[in-house]
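One letter stands for each residue in the lines below.
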Amino acid sequence: MPSLKEIKGRIASVNSTRKITSAMKMVASSKLHHAQQMIENMLPYENMLERILRSFLASEADAHTVFSEVRPVKHVAFVVYSSNSSLCGGFNANVTKMLHAAVEEYSALGKENILVYPVGRKIAEQVQKMGLESGGDFTELADKPNVAQCIDIARELGEKFLKGEIDRVELIYHHFKSAGSQILQRKTFLPIDVNEAIGQDNDRDLSHKTVTPEMQEYLRKNAKEEEKKKIESKPLNDNFIVEPDMDTVLKTLIPKLAHLMLYTALLDSNASEHAARMVAMQTATDNADELLRVLNLQYNKSRQQAITNELLDIVGGSVNN
């Protein structure tokens, strides 16, 4: 059995660790709140763009563009989102695992025909270990989401797609559904399917800032419910004048939808990282509380046993005298 001094030292050590995990949880909670606000600020633009595109498609406009052309895959690119730091549970490990699976699917192409745009230091390190070609350094983008840089990446991918340097682009990221649920997704970015891309991620719950048992129960119940009713799209009113013509405007809006997809994925990944870290630090704090309870009980038992032994020695000594 460890001595009282050893147990006291462990209690002090666990207490110190608990303070760190508790503070990290509070920081992650604050950053999550900021990330949710960024998503909320983006939603009006996303909703209006989707409304316009739905109206155009309902008017039977031709949504086919050079960016929706499907061709045999000889060169593939991935845009993968991770974090710059760890201590966020299985957030980065799950992304890495999905990237490995995706690369394995395209192994017949050869590593020289696979290009990865790593957003985040953790996935950038994995790309280097895997011996894959990197599209650039986007470490800062993972901590500070920037719509301008996302547009630059989208334009670069679009240019390579038009030149035939890339035949397919896929996104790998965590979709932020709520503070207690982040879903790892892999979806096609190019060639873009407008009908599929519109409104597919409009299922976020931004009203909850913390993870509680009540919220977990709420998520479990709502997971079995039917999907939300989609807003019916009607053709544009005849009073609207579209110049130069509907197809030209539509072909201008589709690249904007592509820019939005990259930026939305970045915001989702950023919010998911902070939510995952908050949950991980909450779990660590709870484990520290349980460990402290066990150690305090062990300390009290050992202390009581030491006092009992001293009393027995005193009583035994007086009897002998």
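Before any of the text, the structure's been laid out above.
The following refers to the structure shown. (Residues numbered from 1 in each chain as written. Predicted model: local features only at pLDDT ≥ 70, side-chain atom pairs only at ≥ 80, totals over all residues. Heavy atoms only, no water.)

1. Examining the overall build of the chain
Right, on to step 1. Within the chain one finds eight helices and five strands.
Right, on to step 2. Mapped from its N terminus to its C terminus, the chain presents α and β elements in the order α-β-α-β-α-β-α-α-β-β-α-α-α.
Right, on to step 3. Across the 321 residues of the chain, 39% fall into the buried class.
Right, on to step 4. Sequence-distant contacts, at least 24 apart, represent 79% of the contacts inside the chain between residues at least 6 apart.
Right, on to step 5. In the structure as shown, the chain presents an accessible area of about 18,400 Å², 52% of it carried by carbon and sulfur atoms. (Helix = DSSP H or I, 4+ residues; strand = E, 2+ residues; numbered from the N terminus. Buried < 20%, exposed > 50% of the residue type's maximum accessible area, 1.4 Å probe, protein only. Contact = heavy atoms within 4.5 Å. Areas by Shrake-Rupley, 256 points an atom, 1.4 Å probe, with all protein chains shown as cover.)

2. What about the packing of aromatic side chains?
Given two aromatic rings, one states the distance between the centres and the angle between the planes to describe the pair.
Right, on to step 1. Scanning the model with the defined rule gives three aromatic pairs in all.
Right, on to step 2. Its end group placed over the ring of Phe161, Arg71 keeps NZ or CZ at 4.1 Å from the ring centre. (Phe/Tyr/Trp six-rings, centres within 6.5 Å; stacked < 30°, edge-to-face > 60°. Lys NZ or Arg CZ within 6 Å of the ring centre and 35° of its normal.)

3. Some words on empty space enclosed by the protein
To locate leftover empty space, one rolls a probe as large as a water molecule over the atoms.
Right, on to step 1. Taken as a whole and judged by the stated rule, the model has two cavities of 30 Å³ or more.
Right, on to step 2. If one sorts the elements of the lining of the second largest cavity by residue count, helix 8 (residues 246-320) sits on top with four residues. (1 Å grid on protein atoms, 1.4 Å probe; cavity = no way out; pocket = protein on both sides within 12 Å on 5 of 7 lines; lining within 4 Å. Points joined across faces, edges and corners; volume = space filled by probe spheres on them.)

4. Remarks on the nonpolar core
Right, on to step 1. Of all hydrophobic cores here, the largest spans 48 residues; its most connected members are Val79, Leu157, Phe189 and Leu262.
Right, on to step 2. Of all the secondary structure elements, the ones that give two or more residues to this core are helix 1 (4-58), strand 1 (76-81), strand 2 (114-119), helix 4 (139-143), helix 5 (147-163), strand 4 (168-178), strand 5 (181-190) and helix 8.
Right, on to step 3. The leading source of residues in this core is helix 8, at 15 residues.
Right, on to step 4. By size, the runner-up hydrophobic cluster in this structure holds 16 residues, among which are Val76, Leu99, Val103 and Ile172. (Core = buried A, V, L, I, M, F, W, Y, C linked by side-chain atoms within 4.5 Å.)

5. Structural notes on a nonpolar patch on the surface
Right, on to step 1. A surface patch of nonpolar side chains, about 300 Å² in accessible area, is lined by Ile307, Leu311 and Ile314.
Right, on to step 2. Here Ile314 falls in the exposed class, since its relative accessible area comes to 59%. (Patch = residues over 30% accessible without salt bridge, like charges linked within 9 Å, V, L, I, M, F, W, Y side chains within 5 Å. Salt bridge = Lys/Arg side-chain N within 4 Å of Asp/Glu carboxyl O.)

6. Section: the pattern of salt bridges
Side-chain pairs of opposite charge can arise where the charged atoms are in close proximity.
Right, on to step 1. All told, the structure shown has nine salt bridges when counted by the stated rule.
Right, on to step 2. When the shortest N-O distance is used, the salt bridge between Glu273 and Arg277 registers 3.0 Å. With Glu273 and Arg277 both in helix 8, this residue pair falls four residues apart, about one helical turn. By the burial criterion, Glu273 is buried, and Arg277 matches it.
Right, on to step 3. Here Glu290 and Arg293 are joined by a salt bridge, their closest N and O atoms 2.8 Å apart. Taken together, the positions of Glu290 and Arg293, both in helix 8 and three residues apart, correspond to about one turn of that helix.

7. Here we look at the pairing of strand 4
Right, on to step 1. Judged by how many residues are buried, strand 4 sits mostly within the fold: nine of eleven residues are covered.
Right, on to step 2. When strand 1 meets strand 4, the two strands line up parallel, connected through five bridges. Across the sheet, Val79 pairs through a bridge with Leu171, a residue of strand 4.
Right, on to step 3. Here strand 4 hands over to strand 5 after two residues, the two strands then running antiparallel side by side. (Pairing = 2+ DSSP bridges.)

8. Re unusual backbone geometry
Right, on to step 1. Put simply, Leu190 and Pro191 share a cis peptide bond, and its omega is 0°.
Right, on to step 2. Considering the arrangement of structural elements, one finds Pro191 in the loop between strand 5 and helix 6 (194-197).
Right, on to step 3. Located in the positive-phi region is Leu87, a residue other than glycine, with phi close to 60°.
Right, on to step 4. Take Leu87: it is sitting in the loop between strand 1 and helix 2 (91-105).
Right, on to step 5. You can call Leu87 partly exposed: its relative accessible area is 49%.

9. Points about helix 3 (residues 121-130)
Right, on to step 1. Inspection of helix 3 places Ile123, Val127 and Met130 among the buried residues, and these make up the whole buried set. Buried positions in helix 3, seen along its axis, are confined to an arc of 65° and lie on one side of it. Exposed and facing more than 90 degrees away from the buried side of helix 3 are Gln128 and Lys129.
Right, on to step 2. Buried residues along helix 3 sit against strand 1, helix 2, strand 2 and strand 3 (133-134).
Right, on to step 3. Within two residues after helix 3, Gly131 carries a phi angle of roughly 75°, on the positive side. (Arc of directions from axis to C-beta.)

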